[in-house]
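Here are the chains, one letter per residue:
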Amino acid sequence: MFYYSLTVIWPQMITSLYSSNNIQIGLMSGTVGGAIAFGQVIGALTVRWGWGHWQLRISSLAMCAFIGAMASCDVSTRDRGIVFTTLGSFAVGIIEVIAIIAVPFTVPPEDLGLASGVLGSCRSVLGSIALAIFSSILNTKKTQEITPRLRAVAQAEGLSSGSTAAIIKAGVASLVATFTKIPGVNSANVGKFIKALQDGNVVAYHTVFYASLAFGGFAVICAFCTKSFNEHFTEKVDRRLQGAGHDVKSKELV
């Protein structure tokens with residue numbers, strides 16, 4: 001739920017608050033995918049050492065804390081946003097890989113395929129649901145927060161009703177480049193409209209990260225309900241995909 005959502009929400013937040021440069025947006029957006037991949041590598045190494053259930057618990061707390069702390073970010077805290085998304089995504093990677101590794105080991109051999117399939121389906125379905133929820137919250141809150149702010153500035157600058165409607169429509173759609181094309185908006189006052197737009201976006205993104213605490217809290221509860229599963233990591237192979245039946249054929253020949 002965090003992985004799918006962050007890969008969409010974080011780049012939008014970068015574009016809305018921090019930069020319009022495509023290279024910078026791409027580099028900053030990479031903190032999510034890169035940190036998750038690194039977390040998966042580290043988690044795959046540490047889970048074999050034992051205490052996997054405690055790794056899940058600590059990682060879920062870190063995930064919830066750092067992603068939730070994104071609600072403290074605004075236009076002036078770009079570096080903080082990068083750090084928090086990196087640390088939170090790193091925790092997501094550890095959680096994900098430990099679950100993927102543990103599930104096949106902790107079910108009866110005959111249920112291995114079923115368990116792995118359910119896990120994969122849950123990741124896709126619940127991730128899509130979370131993305132839809134976060135996107136809906138973000139779009140609704142943007143409209144609620146940006147509209148009155150832009151209208152107040154437009155009225156203060158003496159814009160016509162048509163120009164006011166146009167600047168609100170462009171602001172909600174994040175079309176900042178079109179602001180100066182609207183009658184009454186010029187290089188002297190466009191900064192006021194951009195500031196109002198950014199302030200509205202900040203509140204909207206804060207609401208999204210507050211909402212993420214519900215998913216994070218549920219993850220923490222589930223993690224603390226998880227039992228130790230290190231005893232399942234043995235050298236025994238219940239099913240072999242290659243070499244099965246060779247001994248039987250050799251005995252039949254004898």
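Above this note sits the structure.
So, a few notes on the structure that sits alongside this text. (Residues numbered from 1 in each chain as written. Predicted model: local features only at pLDDT ≥ 70, side-chain atom pairs only at ≥ 80, totals over all residues. Heavy atoms only, no water.)

### So, empty space enclosed by the protein
Applying the stated criterion across every chain yields a total of 1 cavity of 30 Å³ or more. By volume, the largest cavity amounts to about 60 Å³. Within the residue set of the lining of the largest cavity, elements represented by two or more residues are α1 (2-18) and α7 (190-224). Of all the elements, α1 adds the most residues to the lining of the largest cavity, at 4 residues. Among the residues making up the lining of the largest cavity, the classes are represented as 7 nonpolar, 2 polar and no charged. (1 Å grid on protein atoms, 1.4 Å probe; cavity = no way out; pocket = protein on both sides within 12 Å on 5 of 7 lines; lining within 4 Å. Points joined across faces, edges and corners; volume = space filled by probe spheres on them. Helix = DSSP H or I, 4+ residues; strand = E, 2+ residues; numbered from the N terminus. Nonpolar A, V, L, I, M, F, W, Y, C, P; charged D, E, K, R; others polar.)

### What to know about the layout of surface pockets
For the largest pocket, the calculated volume is near 1,100 Å³. What lines the largest pocket is a set of 32 residues, among which I95, A99, L119, R123 and A219 lie closest to the centre. When contributions to the lining of the largest pocket are tallied by element, the ones reaching two or more residues are α1, α3 (52-68), α4 (78-105), α5 (112-156) and α7. Among the elements that take part in the lining of the largest pocket, α4 stands out by supplying 8 residues, more than any other.

### What about the packing of α1 against α4?
Contact geometry of α1 with α4 gives a least axis separation of 11 Å together with a crossing angle of 170 degrees. With respect to α4, the axis of α1 lies roughly antiparallel. Contacts between α1 and α4 pair F2, Y3, L6, W10 and Y18 from the former with R78, G81, I82, T85, S89, V92 and E96 from the latter. Among the residues making up the contact of α1 with α4, the classes are represented as 7 nonpolar, 3 polar and 2 charged. (Axes fitted to C-alpha atoms, helices over the stretch in contact; angles between N-to-C directions. Parallel < 35°, antiparallel > 145°, perpendicular 65-115°, else oblique. Contact = heavy atoms within 4.5 Å.)

### Description of the side chain of S29
Within the secondary structure layout, S29 lies in helix α2 (residues 22-46). Among the residues examined, S29 registers a relative accessible area of 19% and is labelled buried. A polar contact is formed between the side chain of S29 and the backbone oxygen of I25, at a distance of 2.6 Å. Ignoring sequence-local partners within four residues, the contact set of S29 consists of W10, P11 and I14. (Buried < 20%, exposed > 50% of the residue type's maximum accessible area, 1.4 Å probe, protein only. Polar contact = N/O pair within 3.5 Å; in protein donor to acceptor, adjacent residues only side chain to side chain.)

### A word on the packing of aromatic side chains
For the coordinates displayed, the defined rule picks out 6 aromatic pairs. Taking NZ or CZ as reference, R57 lies 4.6 Å from the ring centre of W54, over its face. (Phe/Tyr/Trp six-rings, centres within 6.5 Å; stacked < 30°, edge-to-face > 60°. Lys NZ or Arg CZ within 6 Å of the ring centre and 35° of its normal.)

### A look at the environment of V8
For V8, the position within the fold is in helix α1. What makes V8 partly exposed here is its relative accessible area of 28%. Here the alpha-carbon distance between V8 and Y18, two residues 10 residues apart in the chain, equals 15 Å.

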